[in-house]
Amino acid sequence: MNKKKIIILALALIVLLGVLALVMALPDSGDQSDNSGSTQTQDYNEEAIYTVSVDSVTSVTISYSGELYTLTKSTDGWICADKSEVGVSQSRVTSLMTELCSVRYTDKLDTSKVTPADCGITDASDYVSFESELGTLVITRGNDVADSDLCYVMTSLSDDIYMVERERVSLMFAPFDDYRNDTIARIDFENITAIKYQSPQCSFSLTKGEYNLESGNYYAWKMTSPIAVLARDSEVDSKLISPIATMKVDDYVSDSGDFASYGLGDKSAHVTYTDAKGKTQTVYFSKPINNQYYISVDDSGSIYAVSPSAAPFASLALIDIADRQLYLTKQSNLSAITIDGIKTYKLKFDDDGSIAIDGKVSDSDSASREIFSNVCGPLADGISTAPMGAAVLTMRFELEDSSSVTLTFADHDERYYAVAKDGKPLYTILKSKLDTMFGVLDKYKG
């Protein structure tokens, strides 16, 4: 490289370094002031306006959008004396305390050039007043700061006007509904032992015991009225227990106890739960109104709106909860099944798992499974305890312990049979399901 090129490159480098030094010396845009505006602010590192001990706060009064309410600390937690029937969310109050006990500001206005009214802070503004170690302290909220995520705030400690993050302020200024305990559950829904249900469609009672797989008792829940049958654990949980234990209401519509206005006038539709400690809770529900249900709890005057998906318990039929198995036990418990009437079959069960139909033994495990599932597997389609007509078919299940169970079938209507278990009418079942069973037995019989 010749000397001329080296000199040119050196000069270019010197120019670039000079430009870089000039750029680095320029002030940040935030350091530049415009004294023409009446809401001129100064830059501050985020600092606390005040700090008080959470334990010293015993009462908080909030005025928000025309609503005024007071939260008070009691021995049982925070309550709202004006709405004593409404539970208060303790976790939500904890969030309030986090912000309230140490309010931090981002900027502070030059109050020689602005007034509180310029910032929307007047006697009609929303405010929070609370008792603490500093005595009575009031925070007043003004307008949102344009083109920012801040809003104006004043306290009773000084005449200063602060700019505070809007998200933090929103945790202090909120409607009472934000503090409601919106969980409907009031007792231990992890350990429910009894349920009583009543609606225009049906009424029933359930108790929880123990299941016994050896005896063919596959469920812990049992329906004790209007009929005595097992109740399906998964359905009891998904339709009756979990919806209440996890329910979040869509809307709070009233605290005035005006039940008739929301279809709860006579409170005739309800579910009562009892937990393992004997505590009870009753949930009342309306008919569907404008695609939602209204509910209330115990003696509270509060009424809530929930979506149909949140209230599967509001439209139950007995068959939705009751065990639908006409009769089910372990195959190893069976000795023989005698079917007599429309069709006649004699089934014998061997210890090796094979099944003989009219003397012909099943020749494979798959054949045995198909026979067993079709004889012991048909599911009822409805509940009926009405007196039955003349029997058209009987199925007698003889067990290894010498006991027996008899199912009796009679015409219910053109499509259904009525079914009695040991003489007690219980179910209805589609006639086509027995036709399917007959087809399988005919396939394998001798």
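Residues numbered from 1 in each chain as written. Predicted model: local features only at pLDDT ≥ 70, side-chain atom pairs only at ≥ 80, totals over all residues. Heavy atoms only, no water.

A. Representation of the packing of aromatic side chains in the model. Considering all chains together, one arrives at 13 aromatic pairs under this definition. For the pair tyrosine 69 and tyrosine 179, a centre-to-centre distance of 6.1 Å together with 55 degrees between the ring planes defines the contact as tilted. A residue pair is termed long-range when its members are at least 10 positions apart, and tyrosine 69 in strand β3 (residues 67–74) and tyrosine 179 in the loop between α3 (166–172) and β10 (192–198) qualify at 110 residues. One exposure class covers both tyrosine 69 and tyrosine 179, and it is buried. For the ring pair phenylalanine 409 and tyrosine 417, a centre distance of 6.3 Å and an interplane angle of 80 degrees mean the geometry is edge-to-face. For phenylalanine 409, a relative accessible area of 0% gives the class buried. Take tyrosine 417: its relative accessible area is 8%, and that puts it in the buried class. By way of ring pairs, the aromatic residues Tyr197, Phe204, Phe285 and Phe313 are connected into one cluster. (Phe/Tyr/Trp six-rings, centres within 6.5 Å; stacked < 30°, edge-to-face > 60°. Helix = DSSP H or I, 4+ residues; strand = E, 2+ residues; numbered from the N terminus. Buried < 20%, exposed > 50% of the residue type's maximum accessible area, 1.4 Å probe, protein only.)

B. Region of interest: the pairing of strand β7 (residues 135–144). Where strand β6 (residues 127–132) and β7 come together, 6 bridges link them in antiparallel fashion. Looking across to β7, one finds that serine 132 is bridged to glycine 135. In textbook terms, the turn of a hairpin is the stretch between consecutive antiparallel strands, and for β6 and β7 this stretch comprises 2 residues. Across 4 bridges, the pairing between β7 and strand β8 (residues 150–155) is antiparallel. Directly across from isoleucine 139, in β8, lies its bridge partner threonine 155. Here β7 folds back onto β8, and the loop between the two strands holds 5 residues, one of which, aspartate 147, carries a positive phi near 55 degrees. (Pairing = 2+ DSSP bridges.)

C. Structural detail: helix α4 (residues 233–245). For α4, with 13 residues, the first-to-last C-alpha span of 16 Å runs short of the 18 Å given by 1.5 Å per residue. Lysine 239 marks where α4 bends most, by close to 30 degrees; the proline proline 243 follows one to four residues later. Residues Glu235, Val236, Leu240, Ile241, Pro243 and Ile244 constitute the buried set of α4. For α4, the secondary structure elements touched by its buried residues are β10, β11 (203–208), β12 (221–225), β15 (270–275), β16 (280–285) and α5 (318–321). (Expected span 1.5 Å × (residues − 1). Bend = angle between axes of the 7 residues up to and from the residue. Contact = heavy atoms within 4.5 Å.)

D. A look at the nonpolar core. Core analysis: the largest hydrophobic core is formed by 74 residues, its most contacted members being Leu240 and Leu347. Sort the elements by how many residues they give to this core and helix α7 (residues 431–444) lands first, with 6 residues. Setting aside anything within four residues of it in sequence, one finds leucine 347 in contact with Ser335, Ala336, Ile337, Ile339, Ile355, Ala356, Ile357, Ile371, Val375 and Leu441. Within the second largest apolar cluster, 33 residues are counted, among which are Val86, Leu96, Val128 and Val164. (Core = buried A, V, L, I, M, F, W, Y, C linked by side-chain atoms within 4.5 Å.)

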